[in-house]
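Structural characterization, general
What follows is the residue order along each chain.
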Amino acid sequence: MSGTSSPDTQEVVRLDAVHKIYGGAKGQKNQVTALDGVSIGLDRGTFTAVMGPSGSGKSTFLHCAAGLDRPTSGSVRLDGVELSALKERALTKLRRERIGFIFQAFNLLPALSVLDNVTLPLRLAGRRPKQDAVDEVLQRVGLAGMQQRRPGELSGGQQQRVAIARALVTEPAVIFGDEPTGALDTHTAREVLILLREAVQWARQTIVMVTHDPVAAAHADRVVFLADGRIVSSLERPTPDQVAERMTHLGAWGTERVAPEAAQVAERVAGAGVADGGLGQVPGAGGGSGQASGGRSVRPSVQAPAWEGLR
Ligand SMILES: Nc1ncnc2c1ncn2[C@@H]1O[C@H](COP(=O)(O)OP(=O)(O)OP(=O)(O)O)[C@@H](O)[C@H]1O
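Residues numbered from 1 in each chain as written. Predicted model: local features only at pLDDT ≥ 70, side-chain atom pairs only at ≥ 80, totals over all residues. Heavy atoms only, no water.

Within an unreviewed UniProt entry, the label attached to the protein reads ABC transporter, and the organism entered is Streptomyces lasiicapitis.

**Some points on the sheet that holds strand β9 (residues 222-227)**
Reading across the sheet, the 6 strands line up as β6-β7-β8-β3-β9-β10 and stay open at both edges, with mixed pairing between neighbours. Looking along the sheet, the strands with just one partner apiece sit at the ends: β6 (99-103) and β10 (230-236). The mean angle between the axes of side-by-side strands here comes to 20°, regardless of whether they run parallel or antiparallel. The strands touched by helix α2 (residues 88-98) are β6 and β7 (174-178); relative to β6, the strand with the most contacts, the crossing angle is about 75°. (Pairing = 2+ DSSP bridges. Helix = DSSP H or I, 4+ residues; strand = E, 2+ residues; numbered from the N terminus. Axes fitted to C-alpha atoms, helices over the stretch in contact; angles between N-to-C directions. Contact = heavy atoms within 4.5 Å.)

**Thoughts on the pattern of salt bridges**
Per the counting criterion, the structure on display carries 13 salt bridges. Linking aspartate 36 and arginine 230 is a salt bridge whose minimum nitrogen-to-oxygen distance equals 2.7 Å. Remark: arginine 230 occurs in strand β10 and aspartate 36 occurs in strand β2 (residues 32-43); sequence separation between them is 194 residues. Taking the relative accessible area as the measure of exposure, arginine 230 reaches 47% and is therefore partly exposed. Residue glutamate 88 is joined to arginine 70 by a salt bridge in which the shortest nitrogen-to-oxygen separation is 3.2 Å. With glutamate 88 in helix α2 and arginine 70 in the loop between α1 (58-65) and β4 (73-78), this pair connects stretches of sequence that are 18 residues apart. The network of salt bridges with common partners includes Glu11, Arg14 and Asp16. (Salt bridge = Lys/Arg side-chain N within 4 Å of Asp/Glu carboxyl O. Buried < 20%, exposed > 50% of the residue type's maximum accessible area, 1.4 Å probe, protein only.)

Quick look at the structure:
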């Protein structure tokens, strides 16, 4: 554990006793405690998935950890910098220079080429893109030869690769993903997850990903589970069925959404080649009314903070 920003620092993200309370003055009825004393450290070069039932605080966790929202109390340090000490402009600069974001809905600029989308964060930061470095990133994500295409001329998976390249090109301290595979079909989602996994290995990239999908989560080094705004457990390098089982214990597929969620989990877990045994633990698994993950609706994502000030 350390608070410096030296490259050798193990913990890139550190949250201590973070509370986030929405709505009204203290003690008022309409208050919601979205985060209730979250403390966690995320090491450099690791891939962490954040899971939990709907409303458990996953998005709030991501927003606070990434400096998109300020905690009500507690400390968030990113790459050794205490975020609460930063004024808005400095926070924006830090997000632009030290954080990469990947969203469910890609958030590419349709009028720009692949190359211009990927190099945009560098140019916004006043840095001249180095052709070799950009070429390498595009090669790594499988977009070599597509530099001049527009996002509209790419598949969903290719568009997400552009977003990943855009996140990687600044060599950020950490990349935050908000359901980065939520809009992709099962096969494409797997390719994107493998790519993220590889980025952790070859670039020693730190990645934090919020997901509802046990198969996606199982690509991470560690899966952290939130319930009622608290970290209630974690699993190291779990299988998809271990993740699904843990989510079941958290009541993640609650009664009002049992059938679609459970069927979806069953499909995803089965698609990952996991033994059938794990599926029996998901209530309503195989219940039939769920849709394939590829048909999953795109839930509203956070605004694209990395591009604030662009227009
Ligand atoms: N801006 C806000 N104002 C008031 N309450 C909020 C706000 N944002 C989130 N909440 C509440 O905080 C709690 C945690 O929300 P959050 O979006 O972090 O959960 P989540 O785990 O990401 O949920 P989901 O999986 O459904 O996206 C919920 O009760 C939610 O209603």
